[in-house]
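Here is how the chains run, residue by residue.
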2 protein chains.
Amino acid sequence: MDTSEFRRRGKEMVDYVADYLEGIEGRQVYPDVEPGYLRPLVPACAPEEPDTFEDIISDVEKIIMPGVTHWLSPFFFAYFPTANSYPAMLADMLCGAISCIGFSWAASPACTELETVMMDWLGKMLELPEAFLAGGAGEGGGVIQGSASEATLVALLAARTKVIRRLQAASPELTPASIMDKLVAYSSDQAHSSVERAGLIGAVRLRAIPSDGNFAMRASALREALDRDKAAGLIPFFVVATLGTTSCCSFDNLLEVGPICAQEDLWLHIDAAYAGSAFICPEFRHLLNGVEFADSFNFNPHKWLLVNFDCSAMWVKKRTDLTGAFKLDPVYLKHSHQDSGLITDYRHWQIPLGRRFRSLKMWFVFRLYGVRGLQAYIRKHVQLAHEFESLVLQDPRFEICMKVTLGLVCFRLKGSNQVNEALLQRINDAKKIHLVPCHLRDKFVLRLAICSRTTESAHVRLAWAHIRELAGAVLEAERAAETKS
Amino acid sequence: MDTSEFRRRGKEMVDYVADYLEGIEGRQVYPDVEPGYLRPLVPACAPEEPDTFEDIISDVEKIIMPGVTHWLSPFFFAYFPTANSYPAMLADMLCGAISCIGFSWAASPACTELETVMMDWLGKMLELPEAFLAGGAGEGGGVIQGSASEATLVALLAARTKVIRRLQAASPELTPASIMDKLVAYSSDQAHSSVERAGLIGAVRLRAIPSDGNFAMRASALREALDRDKAAGLIPFFVVATLGTTSCCSFDNLLEVGPICAQEDLWLHIDAAYAGSAFICPEFRHLLNGVEFADSFNFNPHKWLLVNFDCSAMWVKKRTDLTGAFKLDPVYLKHSHQDSGLITDYRHWQIPLGRRFRSLKMWFVFRLYGVRGLQAYIRKHVQLAHEFESLVLQDPRFEICMKVTLGLVCFRLKGSNQVNEALLQRINDAKKIHLVPCHLRDKFVLRLAICSRTTESAHVRLAWAHIRELAGAVLEAERAAETKS
């Protein structure tokens with residue numbers, strides 16, 4: 001394909017994309033296909049000679065779209081949102097064209113420097129303490145990771161290195177293995193599975209702290225676990241506090257947990273993957289109070305801030321804590337500026353070496369929405385969640401399982417788990433909307449997350465009418481079964 | 001920005017991208033900016049109210065482009081290539097529009113299934129043993145990772161889990177920590193820094209095996225290290241063989257290393273990040289002989305196979321070895337099909353949870369180039385490297401430092417490291433072309449890698465004339481300094 005054909009096909013693709021997004025409501029949100037559907041539809045091998053673009057674009061509708069779960073449909077209420085916006089897509093086109101790999105400052109100075117500045121912009125939107133910003137007087141700064149999982153892992157590895165060095169400095173006879181054997185990390189029992197996985201990868205114990213009645217990690221339970229572990233000769237070193245858990249959007253009590261971490265010299269990492277975007281609104285910023293105790297903080301603009309995946313924003317209070325865990329400098333990656341205090345080599349901040357020019361997406365989105373536009377977007381989603389909550393509350397057959405703070409509503413039919421499982425099954429079989437469940441303690445709960453940029457009140461009301469109708473059928477079937485038995 | 005504005009701006013961006021790539025030769029390949037250049041050019045905070053698209057696109061030329069290292073310039077000969085093609089960019093637009101997050105089969109069946117099939121297509125292009133393919137009779141399959149660094153880490157973690165479980169099964173009293181304390185991984189002293197980093201993250205010893213005169217890991221040196229470690233009570237478990245090292249594109253001797261790994265029950269991972277793309281040409285396939293001994297194999301289509309970053313292709317012989325290292329299943333990620341043998345939940349194959357629909361890029365590129373088009377592209381780069389090699393060989397002041405196999409030429413002025421450092425400095429100061437160096441043993445060596453899709457013979461000849469001219473000036477300056485002293 002030469003440049004002139006790209007001009008033509010690129011514009012066709014722009015229209016295809018626009019048509020897809022404009023017409024997405026007309027597509028069934030969850031596909032009908034069964035596992036293994038795709039392989040028989042495509043040849044067994046790549047073609048020797050080129051296919052035409054027309055072939056491919058027609059196969060997109062024939063082969064791909066029937067198997068797509070449409071995350072951007074206004075009837076998609078599963079998991080958490082994935083961000084999508086026109087400005088981010090435009091920036092991604094530019095990113096693809098430049099194709100630089102920004103592992104060091106020299107590999108593309110603009111790629112590194114725009115990222116540092118955009119992370120400062122975003123940090124200021126959240127009113128992060130100055131210590132986390134690169135342009136301030138402190139030793140902190142931000143980096144774009146690929147995912148919250150990577151951010152948690154990177155924080156855990158940095159904390160592991162730091163505690164090993166500290167203990168070895170005091171007792172040079174200790175080996176890293178003998179220290180690691182005693183390290184303990186902590187998170188709430190509501191934390192995301194990626195925290196457990198970071199513990200597995202980092203080969204350290206992870207303790208799940210029992211959360212309280214509001215699914216929050218509190219001082220008393222954390223303190224108890226720390227005391228028990230220390231009494232057993234173990235070494236606490238790392239705490240993950242979650243703001244906005246995946247199950248039910250609960251918030252660990254940072255103002256209690258933070259001071260304990262400070263007293264005990266534990267690395268505090270905050271995972272606000274979903275909720276973090278909301279902190280750009282003054283009315284939600286209080287949820288972040290206590291961030292001043294953290295060593296690292298992370299959330300995903302690629303979830304709820306209109307920046308397409310991948311863009312996971314991570315800040316640290318002390319840059320050298322991260323880079324100290326990873327720094328390796330082969331000669332082919334050295335460059336003449338690298339010992340200057342002004343430059344950043346982001347390869348020392350992350351697991352992969354390569355990285356795309358992702359900050360362009362932030363730059364386009366922040367500028368084309370403005371802070372007010374972004375705030376309005378968050379507020380609309382929260383308002384839609386409250387609208388759904390109030391609909392649920394009007395139906396005495398249902399209960400709300402968790403206070404609605406942001407864009408997630410946890411609800412269920414009063415009654416058995418079985419009846420709620422049956423309801424979810426019917427919902428996802430009907431495929432008019434898409435939901436996923438969670439367990440809150442022993443309860444099977446339905447989660448409705450406001451996800452799409454184009455979700456409006458009408459979609460929420462249609463979803464609720466549909467759920468009520470199916471609930472009626474489920475309850476009817478249950479009554480019939482009871483009568484029979 | 002509404003859909004109709006996106007239609008307009010998207011088409012403008014297509015033209016911007018096309019203009020950028022058509023005119024890239026006219027841009028200075030390496031920027032003039034100094035560290036910290038960008039911050040003063042942008043506001044300290046994000047705007048409250050939206051900027052216009054015109055503002056942004058004009059700032060791209062004013063603020064971004066002056067700080068870009070143009071990796072796609074035909075005068076860029078540094079590091080290794082980064083892939084860029086029109087078909088991949090078109091696919092990426094579609095990927096951005098669908099925006100699904102393919103962590104499980106249910107999260108978007110097409111995203112998972114196309115990836116599995118594309119990895120089979122690519123595996124067949126490379127003539128990988130059937131055991132590595134998902135559609136065959138074996139237990140293997142492919143996955144797209146973000147980078148070779150991640151692939152190496154994932155392989156090491158899977159190997160670590162496997163050996164710990166095996167040893168614990170035999171001796172249940174052993175703790176994971178006591179086993180990890182004895183584990184040893186091996187790679188050549190020429191292996192990429194990401195291997196060392198995987199060892200750091202995985203908290204296992206990594207032994208650098210001295211390479212031979214051709215910078216290859218050989219049986220004798222590996223055998224010696226294994227015997228020494230075993231005698232010391234350590235437990236060898238993992239070997240990384242590199243095909244196409246970053247420094248000089250040397251090849252570890254797979255046909256020697258492979259059988260040792262098989263005898264000793266060591267996980268063999270092959271890192272062919274750069275060179276792997278060449279194995280789609282029958283005349284280079286022999287370089288992969290011995291892959292049948294490997295447990296995992298990885299290379300980067302995002303380097304040299306025209307699939308834009310990120311797309312790192314990894315295959316394993318036994319899927320459950322990978323998934324066994326990571327499998328965690330919270331209820332909100334469970335789905336009804338997941339216990340079927342047909343489906344794949346790629347979240348268990350990788351470090352992050354989220355993932356883009358990256359296989360679309362492979363599908364578009366493979367179909368729009370065809371296998372022959374891809375082979376022609378590889379052959380052209382190799383031919384250009386040989387052309388440069390022959391130019392160097394005609395100048396008695398220079399020497400070739402390593403046999404040219406693929407697209408990389410390692411060369412230097414006969415003489416001191418100092419004179420070669422001075423030459424590189426002049427080259428990169430002049431900014432007509434861009435190179436990075438390497439160390440081969442105690443020698444400072446210049447690397448010229450054919451990188452851009454648009455590099456032609458004329459660019460290589462211009463680069464050589466330029467290097468010769470600067471070499472003349474460097475040698476002149478050296479003579480003058482000698483006369484003076």
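Conventions and cut-offs
- Residues numbered from 1 in each chain as written.
- Chains lettered and ligands numbered in written order.
- Predicted model: local features only at pLDDT ≥ 70, side-chain atom pairs only at ≥ 80, totals over all residues.
- Heavy atoms only, no water.
- UniProt positions renumbered as here; feature names shortened; annotations may be inferred.
- Pairing = 2+ DSSP bridges.
- Helix = DSSP H or I, 4+ residues; strand = E, 2+ residues; numbered from the N terminus.
- Axes fitted to C-alpha atoms, helices over the stretch in contact; angles between N-to-C directions.
- Contact = heavy atoms within 4.5 Å.
- Parallel < 35°, antiparallel > 145°, perpendicular 65-115°, else oblique.
- Nonpolar A, V, L, I, M, F, W, Y, C, P; charged D, E, K, R; others polar.
- Buried < 20%, exposed > 50% of the residue type's maximum accessible area, 1.4 Å probe, protein only.
- Expected span 1.5 Å × (residues − 1).
- Polar contact = N/O pair within 3.5 Å; in protein donor to acceptor, adjacent residues only side chain to side chain.
- Buried area = accessible area lost by both parts, 1.4 Å probe.
- Salt bridge = Lys/Arg side-chain N within 4 Å of Asp/Glu carboxyl O.
- Phe/Tyr/Trp six-rings, centres within 6.5 Å; stacked < 30°, edge-to-face > 60°.
- Least-squares fit on C-alpha atoms with pLDDT ≥ 70 in both.

- The name that an unreviewed UniProt entry assigns to chain A is Aromatic-L-amino-acid decarboxylase, with the source organism given as Oryctolagus cuniculus.
- Chain A has a UniProt comment under Cofactor (unreviewed entry) that states "pyridoxal 5'-phosphate".
- According to UniProt, the comment filed for chain A under the heading Sequence similarities (unreviewed entry) is "Belongs to the group II decarboxylase family."

## Things to note about the sheet that holds strand 10 (residues 436-440) of chain A
All names here are of chain A.
Then comes step 1: If you walk across this open sheet you meet the four strands as 8-9-11-10, and the pairing is antiparallel. Across the chains shown, the open sheet's two edge strands, defined by having one partner strand only, are strand 8 (398-400) and strand 10. The average undirected angle you get between the axes of adjacent strands in this sheet is 40 degrees.
Then comes step 2: Each of strand 8, strand 9 (408-413) and strand 11 (443-449) is contacted by helix 12 (residues 359-393), which is oriented at about 15 degrees to strand 9, the strand it contacts most.
Then comes step 3: The sheet contacts of helix 14 (residues 457-484) involve strand 8, strand 9 and strand 11, and relative to strand 9 the element is tilted by about 20 degrees.

## Structural notes on the packing of helix 5 (residues 148-170) of chain B against helix 12 (residues 319-326) of chain B
Axes are the key here: two packed helices are described by the angle between their axes and the distance separating the axes.
All names here are of chain B.
Then comes step 1: Running from N to C, helix 5 and helix 12 point in directions that differ by 85 degrees, and their axes come no closer than 8 Å. Judged by the angle between their axes, helix 5 and helix 12 are roughly perpendicular. Taken together, the residues of helix 12 that come into contact with helix 5 (itself represented by Val154, Leu157, Ala158, Thr161, Lys162 and Arg165) are Asp321, Leu322, Gly324, Ala325 and Phe326.
Then comes step 2: Across the contact of helix 5 with helix 12, the residue classes break down as six nonpolar, two polar and three charged.

## Comments concerning the UniProt feature "modified residue: N6-(pyridoxal phosphate)lysine" (unreviewed entry) in chain A
Residue and element names in this part refer to chain A.
Then comes step 1: Mapped onto this structure's residue numbering, the UniProt feature "modified residue: N6-(pyridoxal phosphate)lysine" (unreviewed entry) falls at Lys303.
Then comes step 2: Mapping Lys303 onto the fold places it in helix 10 (residues 301-304).
Then comes step 3: Given the relative accessible area of 19%, Lys303 is considered buried.

## Digging into the environment of Leu41 of chain A
Then comes step 1: Note on placement: Leu41 of chain A falls in the loop between helix 1 (3-22) and helix 2 (53-64).
Then comes step 2: Distance from Leu41 of chain A to Ile63 of chain A, taken between C-alpha atoms, is 6.8 Å for residues 22 residues apart in sequence.

## With respect to the pairing of strand 11 (residues 443-449) of chain B
Residues and elements named next belong to chain B.
Then comes step 1: Along strand 11, six of the seven residues are buried, which leaves the element largely enclosed by surrounding structure.
Then comes step 2: Pairing of strand 9 (residues 408-413) with strand 11 involves four bridges; the strand directions are antiparallel. From the neighbouring strand, Leu408 faces strand 11, where its bridge partner is Ala449.
Then comes step 3: With antiparallel pairing between neighbouring strands as the criterion, strand 10 (residues 436-440) and strand 11 make up a hairpin whose turn holds two residues, including Arg441 at a positive phi of roughly 50 degrees.

## A word on helix 3 (residues 86-98) of chain B
For the α-helix, the turn length of 3.6 residues means that residues three or four positions removed from each other point alike.
Residue and element names in this part refer to chain B.
Then comes step 1: With 13 residues, helix 3 extends 19 Å from end C-alpha to end C-alpha; this agrees with the ideal 18 Å at 1.5 Å per step.
Then comes step 2: Taking the backbone nitrogen of Ala88 as reference, a side-chain oxygen 3.3 Å away marks Ser85 as the first, capping residue of helix 3.
Then comes step 3: In the segment just after helix 3, Ser99 is the residue with positive phi, at about 55 degrees.

## Describing the interface of chain A and chain B
Then comes step 1: Counting residues at the interface gives 142 residues for chain A, matched by 142 residues for chain B.
Then comes step 2: Where chain A abuts chain B, roughly 12,600 Å² becomes buried across the two surfaces, and 66% of that area is made up of carbon and sulfur atoms.
Then comes step 3: At the boundary of chain A with chain B, the tally comes to 20 salt bridges.
Then comes step 4: Put simply, Asp59 of chain A and Arg367 of chain B hold a salt bridge, and the shortest N to O gap is 2.8 Å.

## Observations regarding the packing of aromatic side chains
Then comes step 1: Counting across every chain of the model gives 38 aromatic pairs over all chains.
Then comes step 2: Between the aromatic rings of Tyr86 of chain A and Phe6 of chain B, the centroid separation amounts to 4.6 Å while the plane-to-plane angle is 20 degrees, which identifies the pairing as stacked. A residue pair is termed interchain when its members come from two chains, as with Tyr86 of chain A in helix 3 (residues 86-98) and Phe6 of chain B in helix 1 (residues 3-22).
Then comes step 3: By relative accessible area, which is 3% here, Tyr86 of chain A ends up buried.

## Side note on the relation of the copies chain A and chain B
Then comes step 1: When chain A is fitted to chain B, the residual RMSD is 0.0 Å, and the transformation amounts to a turn of 180 degrees plus an axial shift of 0.0 Å. Within this description, the copies of the chain are treated as partners about a two-fold rotation axis. Proximity to the rotation axis, assessed at the C-alpha, singles out Lys11 of chain A in chain A; its C-alpha lies 2.6 Å from the axis.

## Observations concerning the side chain of Lys431 of chain A
Residues and elements named next belong to chain A.
Then comes step 1: Among the secondary structure elements, Lys431 is positioned in the loop between helix 13 (417-430) and strand 10.
Then comes step 2: Judged by relative accessible area, which is 17%, Lys431 ranks as buried.
Then comes step 3: The residues touching Lys431, leaving out its near neighbours within four places in the chain, are Gln28, Val29, Tyr30, Pro31 and Asp32.

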